[in-house]
Amino acid sequence: MRIKRMEIHHFRCFPHLRLDFVPGFNVVKGPNGAGKSTIQRAIVKALFDRPTKTKVNEQDRSWGAPDLYTLELELESSNTGRWIVRKNFESSRTQLHADNGDRHYAHDSVQRKLYSLIGVGAESLYTSTVFVAQSELAAIDDGRKDITRSLEERVAGGDHGIDTQTVIRKLDKAITDYRRGYETRTYSNFGHIARLITEQSELGNRIAELRRRFSQQVEDMENRDRLQARLDQSQSELTSQSRLLEAEKQVREIRRNLQSWSGKEQELEERLSTIAKAQDDLQSAAIELQSLAAFSALDESEIRRLDQLHAQVEYLQSIESTTPVLPATNTAPTRTPVFLIGLAAVVAIGMIWLRLSDSANISILVAGYVLSVLLFAVGLVWLLFNRWRTAYRNKGTNSAHLTVLGQRGQEIASAQRALQDSLRELGADNWQDYEAKRIQARVALTRKEQAQIRLDTLLGVNRTRDQIEQERQQASRERRDLQEKLQEPNLQRVDKLTPVELETIAVQLQRNSAEQAQVKSDLDRIRFRLQENPVNQHELLQAEERAEDLAQDIARCQNLLAVYQHTRDTLVQAREVTIQRLRSKLETDASLYFNRLTGGQYRSVSIDSEFSLRVARAEDNEPWIEPSLLSCGTRDQLYFAARLALADRIFEGRNPPLFLDDPFVSFDRQRRELACQLCSEIARNRQVLLFTCSDDYDHLGHVIELA
Amino acid sequence: VVDISNLSQSKVIDQIQAYSHADCILSVELTGLRSASEYLDLDAIGDVISGSCYAFHLVDRSTTRLDSLTTEQFPEMQVIGQFVRLLKAEIESTSDPDQRRLAEHALQLGVALLQGKEVLR
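Figured I'd write up the structure that's included with this text. (Residues numbered from 1 in each chain as written. Chains lettered and ligands numbered in written order. Predicted model: local features only at pLDDT ≥ 70, side-chain atom pairs only at ≥ 80, totals over all residues. Heavy atoms only, no water.)

Notes on the overall build of chain A
Along chain A, the regular secondary structure elements total 20 helices and 13 strands. Looking at chain A as a whole, 41% of its 707 residues qualify as buried. Long-range pairs, those at least 24 residues apart, make up 72% of the contacts in chain A with a sequence separation of at least 6. Counting only carbon and sulfur atoms, one obtains 50% of the accessible surface of chain A, whose full area is about 38,500 Å². (Helix = DSSP H or I, 4+ residues; strand = E, 2+ residues; numbered from the N terminus. Buried < 20%, exposed > 50% of the residue type's maximum accessible area, 1.4 Å probe, protein only. Contact = heavy atoms within 4.5 Å. Areas by Shrake-Rupley, 256 points an atom, 1.4 Å probe, with all protein chains shown as cover.)

Below, the structure written as structure tokens:
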């Protein structure tokens, strides 16, 4: 593949530039700042860049240009014909046209086609292989770069400055770090699978403990809730039962009060009734006293006078009645004859008893009967004699008294008149009437006094009947109120309870109280345990999440470790295969080029498995020489030879253009001529673009001079 | 952290510049999948961004899209070419999904490492 033409618009220092290259050696000549590096950069951008209007690409816009640049390359290949790639960075368009009519417009499609033409898919791969700059040789010269390392980088095919060994070392370190673990300020959270596993194990134990405690806590909480519910229910029952018993007490109290008030009311009613009766008695006594006012108003002197008067009448009347009769003759003389008659009867009864019992002989019986008859006869005679003697004595005294009796009659009549007058004044018909009315008046007075006393007693001190009536009404109201209170539903319900039911309630209350105390105790114990040793669910969740994270981290680390290991192994294998396939050809080509560059001073170049180069002089018996022992110029030649050989081998068959950025500037004249001679020979098979500011290469090929 | 999947270099710069100002120390990590053909010029990004902030540190942890990794892009005579071919062959030949995934990750990682990306953690 070769570049036939390049045309650029508005790129860096070139508003417009068209360069036509020949298939062989091209010398792009110009002083510093003429745009040689710009042309190299334009070719690379045309081959690899995605045309976009970016700030980075903006930096390459020509000063004052209205649009971003357009790059166009015409490529020619012996196999595939002529291709034109055009990239417009203003419109972000890529085009690839082939002579055979093949057209590509999508960037990826264009790039794929270009890769197949060039044989490489990345700018870095391309520039690190087919671009040989003076700066590289200078770095080898002054020891900034080692030949082996530089070649290794190019064989690796990676970015600038990356070689396979370095990557493998990096992987080895990462693998070691992951296996053994490491702690750095930056990556303390990564790696250290062993630490993660240890942490996972510790965390697992902690989670198990937390779960156990949490399970216990959940159980405790459930028990607490259950006990709390039970306590509430028990409390409710307790309250209900207490209320019932309280109501029952209330009912009892009401009943007692009711009884008290009823009794009081009844007592007051009775008292009022008694008071009414007493008042009636008082009134009737007063009325009676009013009718017997004269008798009740009698004073003691008047009564005494009347009594004396009556006594006088009585005396006179008694004297009048006793005077004609002989007193004390008709009593004592009758006792003895009666005794004798009684004795005769006793003896006779005794004789009859003896006769009936046959315990006495006849003589005794006769004697007894005779004695009895005699006693009876004596007693009878004696009695009759006494009667006769009394009648005789009374007949002698009666006439003497008649005169005395006449006088006394007058005295009696006078006294009786005086008495009669006094009684008439009082309103009494006679002495008996007087006596009766006076007694009646006294009785009425007594009755009145008694009624008054009773009334005073009933009323009490400073109380009136109305007050008592009010008290009775108060008692009645209280009674009614209590009765109404008893009609309240809850009291009525309690009132209907039987003593057995009440007893049952009391027993239940006691049982509930005991149960409540037990539940409270259990509840307190559970609450204490919950408070004492709480497990935060959040803590458990965090630990579980952390465990999951750890498991994921471990899995990720192990997976990453496996990836690292596989990458490393494959890289080692790839490197070995590459070197194995490359080494012999590379040795041959490098030996050829180095021999040519040194004018036959050095016979061959040896490359070992670690890409260490050694050279052998032309003489057969000379030992292999390390590059470090070579002169700087020879070392440059060796490196240049190796680079050329590498470019040949890597792009085997494709032969992309070789870009030489004034690499021989440090060579002496002889070496430069040899190098130019070699490059001219190379240019027979592949296009060579030499960028230089010197006129020394004009004779080598097509010169493109930049102004 | 900037995911550069399907982003061009200019878009990447724009995204980073959104966070940049004169008094900040900007540490940027590029992640995501990127086509093998997309060359991200970290130096160019650094040049643009470092002028607009106090300090700038850029780490490229992006990896290459598998479908964009074709063997044509990588010469056979380079380690990266051999590496891609070995793993591609392994990916295509293996029937074990785990082994296939492992090979795919290794392919992405190896290419990224050879391209100079700091993808190792």
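After presenting the structure, the write-up continues.
With respect to the packing of aromatic side chains
All names here are of chain A. Per the counting criterion, the structure on display carries 15 aromatic pairs over all chains. Pairing Tyr-126 with Phe-659 gives two aromatic rings, centres 6.3 Å apart and planes at 70°, and the pair type is edge-to-face. Highlighted residues: Tyr-126 in helix H4 (residues 123–130) and Phe-659 in strand E11 (residues 658–661), separated in sequence by 533 residues. Judged by relative accessible area, Tyr-126 falls into the buried class, the value being 0%. (Phe/Tyr/Trp six-rings, centres within 6.5 Å; stacked < 30°, edge-to-face > 60°.)

Some remarks on the pattern of salt bridges
Residues and elements named next belong to chain A. Applying the stated rule across the entire model yields 60 salt bridges over all chains. With its nearest N and O atoms 2.7 Å apart, the salt bridge here joins Arg-575 to Glu-152. Here Arg-575 is found in helix H18 (residues 537–597), whereas its partner Glu-152 is found in helix H6 (residues 147–156), with 423 residues between them in sequence. With a closest N to O distance of 3.4 Å, Arg-575 and Glu-610 form a salt bridge. On the criterion of sequence distance, the pair formed by Arg-575 in helix H18 and Glu-610 in the loop between strand E9 (602–607) and strand E10 (613–617) is long-range, its members being 35 residues apart. (Salt bridge = Lys/Arg side-chain N within 4 Å of Asp/Glu carboxyl O.)

Let's talk about unusual backbone geometry
Residues and elements named next belong to chain A. The phi dihedral of Arg-12 falls on the positive side, at around 50°, and the residue is not glycine. Its place among the elements puts Arg-12 in the loop between strand E1 (2–11) and strand E2 (14–20). In this model, Asp-662 sits at a positive phi of 45°, which is unusual for a non-glycine residue. The class for Asp-662 is buried, based on a relative accessible area of 11%.

What to know about the sheet that holds strand E8 (residues 131–133) of chain A
All names here are of chain A. Read from one edge to the other, the open sheet built from 5 strands follows the order E8-E11-E12-E3-E13, with strand pairing classed as parallel. The open sheet has two free edges, formed respectively by E8 and strand E13 (702–705), since each of these has just one partner strand. Each neighbouring strand pair of the sheet contributes to a mean axis angle of 15°, computed without reference to strand direction. Inspection of the sheet shows E8 paired to E11 by 3 bridges, in the parallel sense. Looking at E11, one finds that Phe-131 is bridged to Phe-659. Along the sheet, helix H5 (residues 134–141) contacts E8 and E11; its crossing angle with E8, the most-contacted strand, is approximately 55°. (Pairing = 2+ DSSP bridges. Axes fitted to C-alpha atoms, helices over the stretch in contact; angles between N-to-C directions.)

Considering the interface of chain A and chain B
Across the boundary between the two partners, chain A contributes 50 residues, which contact 41 residues of chain B. In this assembly, chain A packs against chain B so that about 4,000 Å² is buried in total across both faces, 65% of it on carbon and sulfur atoms. Counting every contact that joins chain A to chain B gives 1 salt bridge. A salt bridge links Arg-581 of chain A to Glu-76 of chain B, with the nearest nitrogen and oxygen atoms 2.8 Å apart. The tally of links from chain A across to chain B stands at 5 residue pairs in polar contact (both at pLDDT 80 or more). Sorting the residues of the side of chain A that touches chain B by element identifies helix H2 (55–58), helix H3 (107–118), H4, H6, helix H7 (164–180), H18 and helix H19 (632–650) of chain A as the ones contributing at least two each. Among the elements that make up the side of chain A that touches chain B, the one with the highest residue count is H18 of chain A (15 residues). (Buried area = accessible area lost by both parts, 1.4 Å probe. Polar contact = N/O pair within 3.5 Å; in protein donor to acceptor, adjacent residues only side chain to side chain.)

Description of the sheet that holds strand E5 (residues 81–88) of chain A
Residues and elements named next belong to chain A. Strand order in the open sheet formed by 6 strands is E2-E1-E4-E5-E6-E7, and the pairing between neighbours is antiparallel. Edge positions in the sheet fall to E2 and strand E7 (103–104), since each of these pairs with one other strand and no more. Across 6 bridges, E1 lies against E2 in antiparallel orientation. When the bridges of E2 are listed, Ile-8 appears paired with Leu-17. The strands touched by helix H1 (residues 36–48) are E1, E2, strand E4 (70–77) and E5; relative to E1, the strand with the most contacts, the crossing angle is about 100°.

Quick word on empty space enclosed by the protein
Residue and element names in this part refer to chain A. Summed over the entire model, instances satisfying the criterion amount to 1 cavity of 30 Å³ or more. The computed volume of the largest cavity comes to approximately 40 Å³. Ser-128, Glu-153, Arg-154, Gly-158, Asp-159, His-160 and Gly-161 are the residues that line the largest cavity. Among the residues making up the lining of the largest cavity, the classes are represented as no nonpolar, 4 polar and 3 charged. (1 Å grid on protein atoms, 1.4 Å probe; cavity = no way out; pocket = protein on both sides within 12 Å on 5 of 7 lines; lining within 4 Å. Points joined across faces, edges and corners; volume = space filled by probe spheres on them. Nonpolar A, V, L, I, M, F, W, Y, C, P; charged D, E, K, R; others polar.)

Side note on the pairing of E1 of chain A
All names here are of chain A. The element E1 is extensively covered by neighbouring structure, given that 7 of its 10 residues are classed as buried. Relative to E4, E1 is paired through 7 bridges, and the arrangement is antiparallel. Across the sheet, Ile-8 pairs through a bridge with Leu-71, a residue of E4. Linking E1 to E2, which pair antiparallel, is a turn of 2 residues; within it Arg-12 sits at a positive phi near 50°.

Notes on the nonpolar core
Met-6, Ile-39 and Tyr-126 of chain A are the most contacted members of the largest nonpolar core, which totals 138 residues. For this core, the element with the highest residue contribution is H18 of chain A, accounting for 19 residues. One finds Val-2, Leu-40, Val-48 and Leu-58 of chain B within the second-largest nonpolar core, a separate group that totals 19 residues. (Core = buried A, V, L, I, M, F, W, Y, C linked by side-chain atoms within 4.5 Å.)

Considering the packing of helix H8 (residues 193–291) of chain A against H18 of chain A
Two quantities define a packed helix pair, namely the angle between the helix axes and the distance between the axes. Residue and element names in this part refer to chain A. Two elements in contact, H8 and H18, have axes separated by 9 Å at closest approach and are oriented at 155°. With respect to each other, H8 and H18 are oriented roughly antiparallel. Crossing angle aside, the handedness with which H8 passes H18 is left-handed. (Parallel < 35°, antiparallel > 145°, perpendicular 65-115°, else oblique. Left-handed = near helix turned anticlockwise from the far one by under 90°.)

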